[in-house]
Amino acid sequence: MELTHTFEVVPQFGLCEAGAPHIARPCAFGIALDERARIAVVRIARETYVNWDLPGGMIDPGESEEQALAREFCEETGWTVRPGALVTRAEQFTITRTGERRRNQCGFFLCDLDAMTDGKIEDDHELVWLDPHEALTRLRHEAAAWAVTQWLRMGRVCHGRR
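About the criteria used
Residues numbered from 1 in each chain as written. Predicted model: local features only at pLDDT ≥ 70, side-chain atom pairs only at ≥ 80, totals over all residues. Heavy atoms only, no water. Pairing = 2+ DSSP bridges. Helix = DSSP H or I, 4+ residues; strand = E, 2+ residues; numbered from the N terminus. Axes fitted to C-alpha atoms, helices over the stretch in contact; angles between N-to-C directions. Expected span 1.5 Å × (residues − 1). Buried < 20%, exposed > 50% of the residue type's maximum accessible area, 1.4 Å probe, protein only. Contact = heavy atoms within 4.5 Å. pLDDT = per-residue confidence, 0-100. Phe/Tyr/Trp six-rings, centres within 6.5 Å; stacked < 30°, edge-to-face > 60°. Lys NZ or Arg CZ within 6 Å of the ring centre and 35° of its normal.

Turning to the sheet that holds strand 4 (residues 50–53), a few remarks are in order. The strand order across the open sheet built from 3 strands is 4-3-8, with neighbouring strands paired in antiparallel fashion. Two strands lie at the open edges of the sheet, namely strand 4 and strand 8 (125–130), each paired on one side alone. On average, each strand axis in the sheet is inclined to that of its neighbour by 30 degrees, with strand direction left out of account. As judged from the 4 bridges shared by strand 3 (residues 39–45) and strand 4, these two strands associate in the antiparallel manner. Its bridge partner being in strand 4, Val 42 is matched across the sheet by Asp 53.

Now the structure itself:
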């Protein structure tokens, strides 16, 4: 009997430094557009630096990717969203500002905006709408830029719209 295995190739970004292992961290991020075809990006302003990320984040125990994405998107931007099709997966090796080594295992999904709510709780996150090409130059993580690039290469199809 011949056994066959299928493996999903997931691109990896960042540096996996020798030493202590990177802790696996499942995450989900959204690609959402406004009426002018600009992409939602969160600007994270801290005391000494500014980062730009796609809305989303860590999946809590018991959550699906879609549930985590909807929760994180709302916490960071105030918008409720309906997660749709998976665009791509990628891993991002990173070291947090506290020195924790992480291997973010990311799913990147198309999202439809639903409604603006008062659900935003992350005060240092600001929703900014950027042209997708400008977003590529600002996004902090290569995995997120990869996902936006894959979406652009798909023809910028978002739930049947172009």
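The next thing to look at is helix 3 (residues 142–153). Since there are 3.6 residues in each turn of an α-helix, residues three or four apart along the chain are aligned in direction. For helix 3, with 12 residues, the first-to-last C-alpha span of 16 Å sits near the 16 Å given by 1.5 Å per residue. Those residues of helix 3 lying buried are Ala 143, Ala 144, Ala 145, Ala 147, Val 148, Trp 151 and Leu 152. Packing partners of the buried residues in helix 3 comprise strand 1 (12–13), strand 2 (23–32), strand 3, strand 6 (79–95), strand 7 (101–116) and helix 2 (132–138). Of the residues one or two after helix 3, Gly 155 is the one with positive phi, at around 95 degrees.

This prediction gives the protein chain a mean pLDDT of 90; 91% of its residues lie at or above 70. Considering each helix and strand of the protein chain separately, the mean pLDDT is smallest for strand 1, with a value of 89, and largest for helix 1 (residues 65–77), with 97. Low pLDDT, under 50, characterises residues 158–162; the predicted model gives this stretch 14 contacts beyond four residues in sequence or across chains.

Where strand 1 and strand 6 come together, 2 bridges link them in parallel fashion. By the bridge assignment for strand 6, Gln 12 is matched with Glu 91. As defined by bridge partners, strand 6 adjoins strand 7 across 14 bridges and the pair is classed as antiparallel. When the bridges of strand 7 are listed, Trp 79 appears paired with Met 116. The hairpin formed by strand 6 and strand 7 contains 5 residues between the paired strands, and Gly 99 there has a positive phi angle of roughly 90 degrees.

Moving on, we get to the environment of Ile 95. With respect to the helices and strands, the residue Ile 95 is situated in strand 6. Spatially, the C-alpha atom of Ile 95 lies 21 Å from that of Val 41, the residues being 54 residues apart in sequence.

A few words now on the packing of aromatic side chains. For the structure on display, the rule yields 2 aromatic pairs. Where Phe 13 meets Trp 146, the ring centres are 6.0 Å apart and the plane angle is 45 degrees; that geometry is what we call tilted. Here the residue Phe 13 occupies a position in strand 1, and Trp 146 occupies one in helix 3, the gap between them amounting to 133 residues. On the accessibility criterion, Phe 13 (18% relative accessible area) is buried. Residue classification places Trp 146 among the partly exposed residues on the basis of a relative accessible area of 29%. Directly above the aromatic system of Trp 52 lies the positively charged group of Arg 138, at a separation of 4.6 Å from the ring centroid.

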